[in-house]
Amino acid sequence: MKLARLTALAAAIVVSISQANAEPIRIGEINSYTRLPAFTEPYKKGWEMALEEINAKGGVDGRQLEVISRDDAGKPGNAVKIAEELVKRENVALLAGTFFSHIGLAVSDYAKQNKVLFVASEPLSDAIVWSKGNDYTFRLRPSTYMQAAMLAAEAAKTDAVKWATVAPNYAYGKDAVAAFKQVLTKLKPSVEFVDEQWPALFKIDAGVTVRALEAAKPEGIYNVTFGPDLGALVREGSVRGLFDGRTVVSLLTGEPEYLEPLKDEAPKGWIVTGYPWYAIDTPEHNAFKAAYEKRWGETLKMGSLVGYNTLLSIAALLEKSGSTDTDKMVAAMKGLEVSTPQGKIVYRAADHQATMGSWVGRTDVADGKGVMTGWKYVDGADVLPSAEEARAMRPAN
Amino acid sequence: MGFYVAQFLTGLASASSLFLVAAGLSIIFGVTRIVNFAHGSLFMLGAFIAYSISQKLGFWLAVPLAALSVGAIGWAMERTVLSRLYAAPELFQLVATFGLVLIIQDAALWIWGPTDLLGPRAPGLTGVVRILGQPVPEYDLFLIAVGLMVLGGIWWMFTRTRFGILVRAATEDREMLQALGVRPARLFQVTFFIGAALAGLGGALEMPRQPASLLMDLNIIAEAFVVVVIGGMGSVVGAFLAALLIAQLNAFGILILPEITLVAAFAAMAVVLIIRPYGLLGKPATTQPHAVEIQPPQTLAGYGRIAAIALVAVLVVLPLVADSFVVVLTGDIMIFALFAAGLHFMMGTGGLISFGHAAFFGLGAYAAAIFVRDTGAGMEIALILAPAAAAVGAAIVGWFAIRLSGVYLAMLTLAAAQILWSAGVQWQDVTGGDDGILGIWPAQWASGTTAYYYLTLALASTGIAALMMAAGGRFGHLLRAGRDAPARAQALGIDIDRRRWAAIVISGTAAGLAGGLFAFSKGSVFPDVLAIPNSVDALVMVLLGGLHAPAGPILGASVFALLEDSLSRLSYWRALLGAAVVGIALFAPGGIAGTISAWLTGRRKETA
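Rules and cut-offs
- Residues numbered from 1 in each chain as written.
- Chains lettered and ligands numbered in written order.
- Predicted model: local features only at pLDDT ≥ 70, side-chain atom pairs only at ≥ 80, totals over all residues.
- Heavy atoms only, no water.
- Axes fitted to C-alpha atoms, helices over the stretch in contact; angles between N-to-C directions.
- Helix = DSSP H or I, 4+ residues; strand = E, 2+ residues; numbered from the N terminus.
- Parallel < 35°, antiparallel > 145°, perpendicular 65-115°, else oblique.
- Left-handed = near helix turned anticlockwise from the far one by under 90°.
- Contact = heavy atoms within 4.5 Å.
- Phe/Tyr/Trp six-rings, centres within 6.5 Å; stacked < 30°, edge-to-face > 60°.
- Buried < 20%, exposed > 50% of the residue type's maximum accessible area, 1.4 Å probe, protein only.
- Patch = residues over 30% accessible without salt bridge, like charges linked within 9 Å, V, L, I, M, F, W, Y side chains within 5 Å.
- Areas by Shrake-Rupley, 256 points an atom, 1.4 Å probe, with all protein chains shown as cover.
- Salt bridge = Lys/Arg side-chain N within 4 Å of Asp/Glu carboxyl O.
- Core = buried A, V, L, I, M, F, W, Y, C linked by side-chain atoms within 4.5 Å.
- Domains from an automatic or database assignment.
- Expected span 1.5 Å × (residues − 1).
- Buried area = accessible area lost by both parts, 1.4 Å probe.
- Pairing = 2+ DSSP bridges.
- Polar contact = N/O pair within 3.5 Å; in protein donor to acceptor, adjacent residues only side chain to side chain.
- Nonpolar A, V, L, I, M, F, W, Y, C, P; charged D, E, K, R; others polar.

Participant: Hey, could you run me through the packing of helix 14 (residues 358-375) of chain B against helix 21 (residues 496-522) of chain B in this one?
Facilitator: All names here are of chain B. Look at helix 14 against helix 21: their axes get within 6 Å of each other, and the N-to-C directions meet at 50°. What the angle tells us is that helix 14 and helix 21 run oblique. By crossing handedness, the relation of helix 14 to helix 21 is classed as right-handed. Residues Phe-360, Phe-361, Gly-364, Ala-365, Ala-368 and Val-372 of helix 14 pack against Gly-508, Ala-511, Gly-512, Ala-514, Gly-515, Gly-516, Phe-518, Ala-519 and Phe-520 of helix 21.

Here's what the structure looks like:
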């Protein structure tokens, strides 16, 4: 053990000496680490591991990568201030990160104003790449629209005609319900939406919400709540039999961040988007899973994959552009292909959205844990609007 | 029919859990006059501790043990921190409880990790009872019973035990009780223990209803305050009625208007306060302050004037010597200093507390942003509109607020801020909702870090100087008269209400200008400028700086912003920031500026 550490240390020293004359490429990273640690900690572990792997292989073009990571405490004003510091004082080549949509938007607008490349890793808002998209911002994670469209396609295959929706009362919830309604109505014009509930984010009064849904007598329920709201909704809904005999479609619920805390009370038979990391069996993913468990001693979360893919994307970008000049990097981002543990993804030139997909399946309980079964991987490219449609949604600039 | 009965019972269960938290808060405020921001943190600790105990000892032992543990934590909080601050100016303890919130947040993250923890259901109460054919969970009925038992228990304690009678006496008239020889120290300790234990019980009993999560503390605290204020501060029965009102409003409100969830409680509070200025069962403070405490006027004298001139000189040359990020950070601090100075004017000179000052900051920011977006016109007019819009908002809020006093007034401003915040979130056509308004950058001549810095410096320093002059001038004197001796001031023919109203408008105007400057410095506006944390930051800056010192808001804003900026580079930085805030509170109970000025005055006296 000691010997291994010493060897590693020696290797690290040799590597760093041999590259001492090449300045590292600095990447500025901003995220809501203290506001929502449940999601951002695994994300951080993901990109840290990717960073170590990339640098161990010698970095990009002989230059090491260095990430300067900062906490925005969940405030967009802070995030912009940090962006200023990273760009002006730390001389980072590009910005990356953010979880909350409004913080992602604030940083994307800063990027546009100051002509800095921004790789938005986690925010889900459609506006980031569409209605408020700009030349300098690219987004990795499948958007609200993409995930809702995946679920609507599955919902259209069920018998349910009368639907009720329950979503947190803020932009993400509103967008997710609107996208689901739009796609489902297009696929199956006979559907009818009989009720919608808008509990305040992370403050759901689950008992009364469940009863209001029950009163509408829907055949299908579309859920967008997550985190502690989801736990409360599942408990109050199960005890009152809300989900019995109904089709339930639920956004993000299959992601380990949300499914694992429910343990053996995880709902059964819900159609969800998520991340069945335990069952994906491809060589790339198996290697990723093994490396992550070895490095951190814990299992994968959705955030781990997003964080890992973020840094892989940046490394691929730097390989391709061969320069840290912003215009060259922006050009390289368009159509950039990245090999990730989930296969190849492409950053579309038309709307700057990556084609990172998601897994769609049904929830079940196995060995006292919530899992996804009967899942399939839906490529993001299959649910995104065409390049022309996407371009039309973006402001002209 | 059955449906409505069941909906009512479900609402009643929610009311019970809300009541448990609010009752403790109300008792603590009634006796100690401490606005305990950390009460939500105690609730959260209750849930986490109950989870941990339940893993070993099961649900039924976990609940009482968690309540007792949290009671002990509350007791320790009182002993180590708050008991040292009873002599500090009104509300100053709030700063310390704010620091404790930050410390407890990071401690919980460190101990229990970031993942939500779903505790066990209550064994024996996992099923449902059919009432008029509708399923009602047994646990809901149990919660209702616990709520009623706690209400009964507190009532019994207050009316039948010596301790309860002392508590009531302390609530009515603390000075008199002390004069009669009752030592308040022990009374306060027991009160804190009971109040905290009730919060812990509330948190523990949430185990079967929702997972323990790190968001519980801030999610419950605003609502708990609302309940306490609607009920009447210090009135436990009032808190029960208020919890009932809010829970039922939510239970039936969402059947008609599902989007009501964001504002129901705050709108109800605004209505109640306008009709009943002391809440449902609260009583107006029957006793005037026993001795009129006349605070000296707030003017810059001697050292202060020299310091102010030196400060402006340093700020003028700063961009020539410092790197551009220092300039950006200093610009931010000046904006916050202006925001805090406005609040300080209202609170320090006017004695009018605001818990919702973000309302005016946000109005300014949104007015500027909406104007630029919709007209495409320039920053110059937007920066006039920002304070103007905030002034109008402040005039409207102030019109209702001046009839109230103390914490009730503060809570009405909070209600106003929350109603505006929910408009910011829900009125998407105008405000852009959560996605906000982007692309609000300064005009060409003011763009660039240095140019915008000088614009900020010019406007902020003018604003702060104007506020200082108003506080030191005739208007400030009349305002202070109304604050320290309202009866005498009225007898002299001073229209206090008009002055107070004007003070709120002036204060709001300064906040609006700060908001407008903030919008152009960040390039975008989101509802968070209207949200509670923004109000709390301003409040902490003012109190930390010192309520009765003219340099207070400048020092408070600088220290707070610099601490946050430097500490947030470290892990577990919130605990460090919290510890720093608590430390300052303990060592400088007059605020930073107040303590410095007391020290300087003391030295001058010694040398004289």
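After that view, the rundown keeps rolling.
Participant: Mind showing me how you'd approach the packing of aromatic side chains here?
Facilitator: Given two aromatic rings, one states the distance between the centres and the angle between the planes to describe the pair. For the coordinates displayed, the defined rule picks out 36 aromatic pairs over all chains. Each ring, one from Phe-59 of chain B and one from Tyr-139 of chain B, has its centre 6.2 Å from the other, and the planes form 75°; the classification is edge-to-face. In this pair, Phe-59 of chain B is assigned in helix 3 (residues 59-80) and Tyr-139 of chain B in helix 5 (residues 138-160), connecting sequence segments 80 residues apart. According to the relative accessible area criterion, Tyr-139 of chain B is buried, its value standing at 5%. Following the ring pairs from residue to residue traces out a cluster consisting of Phe-39, Phe-99, Phe-100, Tyr-170, Tyr-172, Phe-202, Phe-226 and Tyr-258 of chain A.

Participant: In this structure, what is going on with a nonpolar patch on the surface? I would like to understand it.
Facilitator: Residues and elements named next belong to chain B. On the surface, Val-271, Ile-274, Ile-275, Val-392, Ile-396, Trp-399, Phe-400 and Trp-501 cluster together to form a nonpolar patch covering roughly 770 Å² of accessible area. Elements with a minimum of two residues in the nonpolar patch: helix 11 (264-275) and helix 15 (379-401). The element contributing the most residues to the nonpolar patch is helix 15, with 4 residues. Here Trp-501 is to be found in helix 21.

Participant: For this particular structure, what's the right way to read the nonpolar core?
Facilitator: Generally speaking, nonpolar side chains in soluble globular proteins are found buried as a group. Counting residues in each nonpolar core, the largest one holds 204 residues, and the members touching the most others are Phe-19, Val-35, Met-269, Phe-355, Met-411, Phe-520 and Leu-543 of chain B. Here this core spans two domains, and each of domain 1 (2-214) and domain 2 (303-607) of chain B adds at least three residues to it. Beyond its immediate stretch of four places on either side in the chain, Met-411 of chain B contacts Phe-225, Val-226, Val-229, Met-269, Leu-273 and Phe-355 of chain B. Membership of the second largest hydrophobic core comes to 137 residues, among which are Val-210, Ala-232, Val-249 and Tyr-258 of chain A.

Participant: Help me understand helix 11 (residues 302-321) of chain A, please; the structure alone is not making it clear to me.
Facilitator: The α-helix winds at 3.6 residues per turn, so residues separated by three or four positions along the chain end up facing the same way. All names here are of chain A. The first and last C-alpha atoms of helix 11 sit 28 Å apart over 20 residues, in line with the 28 Å expected at 1.5 Å per residue. Within helix 11, 18 of the 20 residues are buried, which leaves the element mostly enclosed by the surrounding structure. Positive phi appears at Gly-322, one or two residues downstream of helix 11, with a value of about 60°.

Participant: Mind showing me how you'd approach the domain arrangement of chain A here?
Facilitator: One frequent convention defines the size of an interface as the accessible area lost when the parts assemble. Residues and elements named next belong to chain A. For chain A, the assigned domains are domain 1 (2-143 + 281-357) and domain 2 (145-279 + 358-383). With centres defined by C-alpha atoms, the gap from domain 1 to domain 2 works out at 30 Å. Counting residues at the interface gives 27 residues for domain 1, matched by 24 residues for domain 2. Together, the buried faces of domain 1 and domain 2 total about 2,100 Å²; carbon and sulfur atoms form 60% of this surface. Considering only the side of domain 1, the residues that lose the most area to domain 2 are Phe-39, Met-302 and Gly-357, jointly responsible for 24% of the buried surface there. Here domain 1 and domain 2 share 2 salt bridges between them. Where Arg-141 meets Glu-255, a salt bridge forms, and the shortest distance between an N and an O atom there is 3.4 Å. Contributing elements (two or more residues each) for the side of domain 1 that touches domain 2: helix 2 (37-56), helix 10 (283-296) and helix 11.

Participant: Please explain the sheet that holds strand 1 (residues 25-31) of chain A as it appears in this structure.
Facilitator: Adjacent strands of a sheet pair through backbone hydrogen bonds, lying either parallel or antiparallel. Residue and element names in this part refer to chain A. The 5 strands lie next to each other as 2-1-3-4-5, forming an open sheet whose pairing is parallel. Two strands close off the open sheet at either side, each with one partner strand: strand 2 (65-71) and strand 5 (137-139). Taking the axes of each pair of neighbouring strands and ignoring which way they run, one obtains an average angle of 25° across the sheet. For strand 4 (residues 118-120) and strand 5, the ladder comprises 3 bridges, and the chain directions are parallel. Note that in strand 5 the partner of Ala-120 across the bridge is Arg-139. In the packing of helix 2 onto the sheet, contacts are made with strand 1, strand 2 and strand 3 (94-97), and the angle to strand 2 comes to roughly 165°.

Participant: Quick question: what am I supposed to make of helix 2 of chain A here?
Facilitator: All names here are of chain A. Taking 1.5 Å per residue, 20 residues should reach 28 Å; helix 2 reaches 28 Å between its end C-alpha atoms and fits that length. Taken across its 20 residues, helix 2 has 14 buried, putting it largely inside the fold. Phi turns positive one or two residues past the end of helix 2, at Gly-58, with a value near 100°.

Participant: Is there a simple way to think about the interface of chain A and chain B in this case?
Facilitator: Taken together, the 61 residues of chain A in the interface contact 72 residues of chain B. Between chain A and chain B the total buried area reaches about 5,700 Å² when both faces are included, carbon and sulfur atoms providing 54% of it. Put simply, chain A and chain B have 7 salt bridges between them. One salt bridge connects Glu-564 of chain B with Lys-75 of chain A, and the closest N-O pair in it is separated by 3.4 Å. The interface formed by chain A and chain B includes 29 residue pairs in polar contact (both at pLDDT 80 or more). Listed by contribution, the elements that provide at least two residues to the side of chain A that touches chain B are helix 2, strand 2, helix 3 (76-88), helix 4 (101-114), helix 6 (171-187), strand 7 (192-197), helix 7 (206-215) and helix 8 (228-239) of chain A. The element contributing the most residues to the side of chain A that touches chain B is helix 3 of chain A, with 8 residues. Classifying every residue of the side of chain A that touches chain B by side-chain character gives 24 nonpolar, 14 polar and 23 charged.

Participant: Help me out: how do you make sense of the packing of helix 9 (residues 216-231) of chain B against helix 10 (residues 236-256) of chain B in this one?
Facilitator: The geometry of a pair of packed helices is captured by two quantities: the angle between their axes and the separation between those axes. Residues and elements named next belong to chain B. Remark: helix 9 packs on helix 10, axes separated minimally by 7 Å, with the N-to-C direction vectors making an angle of 120°. Put simply, helix 9 runs oblique to helix 10. In the crossing of helix 9 with helix 10, the sense of the turn from one axis to the other is right-handed. Residues Val-226, Val-227, Ile-230 and Gly-231 of helix 9 pack against Gly-238, Ala-239, Ala-242, Ala-243, Leu-245 and Ile-246 of helix 10. When its residues are assigned to classes, the contact of helix 9 with helix 10 shows 8 nonpolar, 2 polar and no charged.

Participant: Teacher, can you tell me more about the sheet that holds strand 14 (residues 369-378) of chain A here?
Facilitator: Residue and element names in this part refer to chain A. Read across the open sheet, the 7 strands follow the order 7-6-8-9-10-13-14; overall the sheet is mixed. Strand pairing shows two members of the sheet lacking a second neighbour, strand 7 and strand 14, which therefore form its edges. Strand-to-strand twist across the sheet, computed as the mean angle between neighbouring axes with direction ignored, equals 25°. The sheet contact formed by strand 6 (residues 162-166) and strand 7 spans 5 bridges and is parallel. Counted as the bridge partner of Lys-162 is Glu-192 from strand 7.

Participant: Sorry if this is basic, but what is going on with the side chain of Thr-431 of chain B here?
Facilitator: Residue and element names in this part refer to chain B. Tracing the chain through its elements places Thr-431 in helix 17 (residues 428-431). With relative accessibility at 6%, the residue Thr-431 sits in the buried group. Within the structure, the side chain of Thr-431 is placed 2.9 Å from the backbone oxygen of Trp-427, a separation counted as a polar contact. A distance of 3.2 Å separates a polar atom in the side chain of Thr-431 from the backbone nitrogen of Gly-433. Non-local contacts of Thr-431, meaning those with residues more than four positions away in its chain, are made with Tyr-366, Arg-373, Ala-423, Gly-424, Gly-436 and Ile-437.

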